[in-house]
Amino acid sequence: MNLKHHNLVPDNLDAFWMPFSGQRQFKEDPRFIVSAKGMYYTDSQGHETLDGSAGLWCVNAGHHREHINAAIAHQLESLDFAHSFNSGHPLAFQYASRLVKHVPDPLNHVFFTNSGSESVDTALKIALAYHRRNGEAGRQRLIGREKGYHGMGFGGLSVGGLVKNRNPFGLLLPGTDHMRQTHGLAGNRFARGLPPEGAELAMDLQRLVELHGADAIAAVIVEPIGGAGGVHLPPVGYLQRLRELCDEHGILLIFDEVITGFGRTGACTAAERFGVVPDIMTTAKGITNATIPMGGVFVSDAIFERFMDTDVPGVELSHGYTYSGHPVACAAGMATLDIYEQEGLFERPKALQDTWQDAALRLSDLPNVIDVRCFALLGAIELAPLDGAPMQRGAAVAKRCYEKGAWVRPIGDSLVLSPPLIISEAEIERIFEIIGEAICEIG
Ligand SMILES: Cc1ncc(COP(=O)(O)O)c(C=O)c1O
């Protein structure tokens, strides 16, 4: 326990407008996290909790990794910042070369961003600009999926499919549309691993092709496993069908791997785990183990070459961020990759999958549990909503879990799980044991 921070409780809570929070309630009974190490968080009361969420699906190598911290400190000693606009520092190139070796061919080029939202907006813009370069400027429609989450930039929000996020902000981007969601088929409840039913839902893209015309569609973006919507797994064969349809119609396929990237599914990427390679892949979060904000958009050789294949001098893509390829983020990312590689963390969720699924599915018969979804080191325990009060049962159970020593995140009435990949079998058992007790206690 890190005692030195334990009296560090702020006296003014008004200045910070908290993201995605019910901050009036939070501020009535605030909880302050003051330190973290390995699998555990410690709050200002000295209470320790097992981290069931890897922060926000991002601290894949566990907390307080000395090697990453040292790399960050070392980088700050030599080069704190240099931009990459018609300029360069070696680390960004070295890091990019190393990163692309971890993602499937032909995704051999990476555009650096600072977050998942920026990665998504970058990917959508690359798709639009690619078609224009290809002489197909009419391909302007961007297709997402109901219940999808692609961050909070205007592009990502427009292709996203969560009504609460979209509603406050009006019309959003014109020219977007959404495939039907894949969640909720009765035959998929309590499935062990990927749901068996629903591959045909990929044909919903065909419906949109028939509605808009294939030559009006630039790209389709999906999360290979939906995360922030409540952990929605792809039906067996669904992603393959989507790939085939995109090929048939000249539509670019974008996988949003902001959550699934960097080991979550038992391979570096879900594309690798599922054997379906998109044209563009967005990442962030686990890329630096969440120590320094960073994201990366991986693109295929064909897309990259389309931009480079020109005699016109100057900027090939008028897009970028001040901090694209920030040297400190690159240093953090390099050190994070060292850990992933040396500790074999990308393979670990596959090795732990049986233990994970056994422990999760053991909760199936508890009162009010209406679904359990589990794959690799991702999961959701879905509870029946209280009559007339959706989300309250989920929130109450999550609160009780916290008191009992496990920090799990409620999304609606689902408790979603994505622990650091360093989790032990005993810690897996412990997290589900706590959830089970909390469900029974709250009722
Ligand atoms: C699939 C997906 N895309 C994009 C984002 C947005 O990432 P950020 O919050 O870093 O902007 C998230 C965040 O959870 C995500 O889950």
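Computed from a predicted model, the values in this text were never measured in an experiment.

**A look at the pairing of strand β1 (residues 33-37)**
Residues in a regular strand project their side chains so that they alternate between the two faces of the sheet.
1) Next: As paired strands, β1 and strand β2 (residues 40-43) are joined by 4 bridges and run antiparallel to one another. Within β2, the position partnered with Ala-36 by the bridge is Tyr-41.
2) Next: Counting the residues in the hairpin turn of β1 and β2 gives 2 residues, including Gly-38, whose phi is positive at 60°.

**Things to note about the site of the ligand**
1) Next: Near the ligand, the surroundings consist of 14 residues, among which Ser-115, Gly-116, Ser-117, Gly-151 and Val-258 are the closest.
2) Next: No other element matches the 3 residues that helix α5 (residues 116-133) contributes to the shell around the ligand.
3) Next: When the residues that make up the shell around the ligand are grouped by side-chain class, the tally is 6 nonpolar, 6 polar and 2 charged.

**Considerations on the pairing of strand β4 (residues 109-113)**
1) Next: With 4 of 5 residues buried, β4 lies mostly within the body of the structure.
2) Next: Where β4 lies against strand β10 (residues 295-299), 5 bridges are found, and the strand directions are antiparallel. The residue of β10 that forms the bridge with Val-110 is Phe-298.

**Observations concerning the packing of helix α14 (residues 392-404) against helix α15 (residues 425-442)**
1) Next: Closest axis-to-axis distance for the α14/α15 pair is 9 Å, and the angle between their directions is 125°. Relative to α15, the element α14 lies oblique. Like other packed secondary-structure pairs, α14 and α15 cross with a definite hand, here right-handed. Here Arg-393, Ala-396, Val-397, Arg-400, Cys-401 and Lys-404 of α14 come into contact with α15, specifically with Ile-434, Ile-435, Glu-437, Ala-438, Ile-439, Glu-441 and Ile-442.

**A word on the nonpolar core**
1) Next: By size, the foremost hydrophobic cluster in this structure holds 117 residues, and its most contacted members are Ala-127, Val-220, Ile-280 and Ile-435.
2) Next: Considering each element in turn, this core owes the most residues, 8 residues, to helix α12 (residues 327-342).
3) Next: Counting residues domain by domain, this core receives three or more from each of domain 1 (3-60 + 345-442) and domain 2 (69-342).
4) Next: With sequence-adjacent residues up to four places away left out, Val-220 is seen in contact with Ile-143, Leu-205, Leu-242, Cys-246, Ile-251, Leu-253 and Ile-254.

**Thoughts on the domain arrangement of the protein**
1) Next: One can read the domain layout of the protein as domain 1 (3-60 + 345-442) and domain 2 (69-342).
2) Next: Using only C-alpha atoms to locate each centre, domain 1 and domain 2 end up separated by 26 Å.
3) Next: Of the residues lining the interface, 29 residues belong to domain 1; the matching set on domain 2 comes to 25 residues.
4) Next: Of all elements in the fold, only α2 (54-57), α13 (348-361), β11 (369-375), β12 (378-383) and β15 (414-417) reach the threshold of two or more residues within the side of domain 1 that touches domain 2.
5) Next: If one sorts the elements of the side of domain 1 that touches domain 2 by residue count, α13 sits on top with 5 residues.

**Points about the sheet that holds β10**
1) Next: Across the sheet, 7 strands lie side by side as β4-β10-β9-β8-β7-β5-β6; this open sheet has mixed pairing. Where the open sheet ends on each side, the last strands, each with one partner, are β4 and β6 (176-179). The mean inter-strand angle of the sheet, taken between neighbouring strand axes irrespective of direction, is 20°.
2) Next: Of the strands in this sheet, β4, β5 (141-145), β7 (217-222), β8 (252-256), β9 (280-283) and β10 are in contact with α5, which crosses β10 at around 25°.

**What about the sheet that holds β2?**
Sheet strands associate in pairs through backbone hydrogen bonding, adopting either a parallel or an antiparallel arrangement.
1) Next: Across the sheet, 4 strands lie side by side as β1-β2-β3-β13; this open sheet has mixed pairing. Looking at strand neighbours, the two that pair on one side only are β1 and β13 (406-407), the edges of this open sheet.
2) Next: Bridge count for strand β3 (residues 48-51) against β13 is 2 bridges, and the pairing is parallel. Bridge pairing links Asp-51 to Trp-407 in β13.

Conventions we followed
- Residues numbered from 1 in each chain as written.
- Predicted model: local features only at pLDDT ≥ 70, side-chain atom pairs only at ≥ 80, totals over all residues.
- Pairing = 2+ DSSP bridges.
- Helix = DSSP H or I, 4+ residues; strand = E, 2+ residues; numbered from the N terminus.
- Near = placed C-beta within 6 Å.
- Nonpolar A, V, L, I, M, F, W, Y, C, P; charged D, E, K, R; others polar.
- Buried ≥ 20, exposed ≤ 12 C-beta atoms within 10 Å, placed from the backbone.
- Axes fitted to C-alpha atoms, helices over the stretch in contact; angles between N-to-C directions.
- Parallel < 35°, antiparallel > 145°, perpendicular 65-115°, else oblique.
- Left-handed = near helix turned anticlockwise from the far one by under 90°.
- Contact = placed C-beta atoms within 7 Å.
- Core = buried A, V, L, I, M, F, W, Y, C linked by C-beta atoms within 7 Å.
- Domains from an automatic or database assignment.

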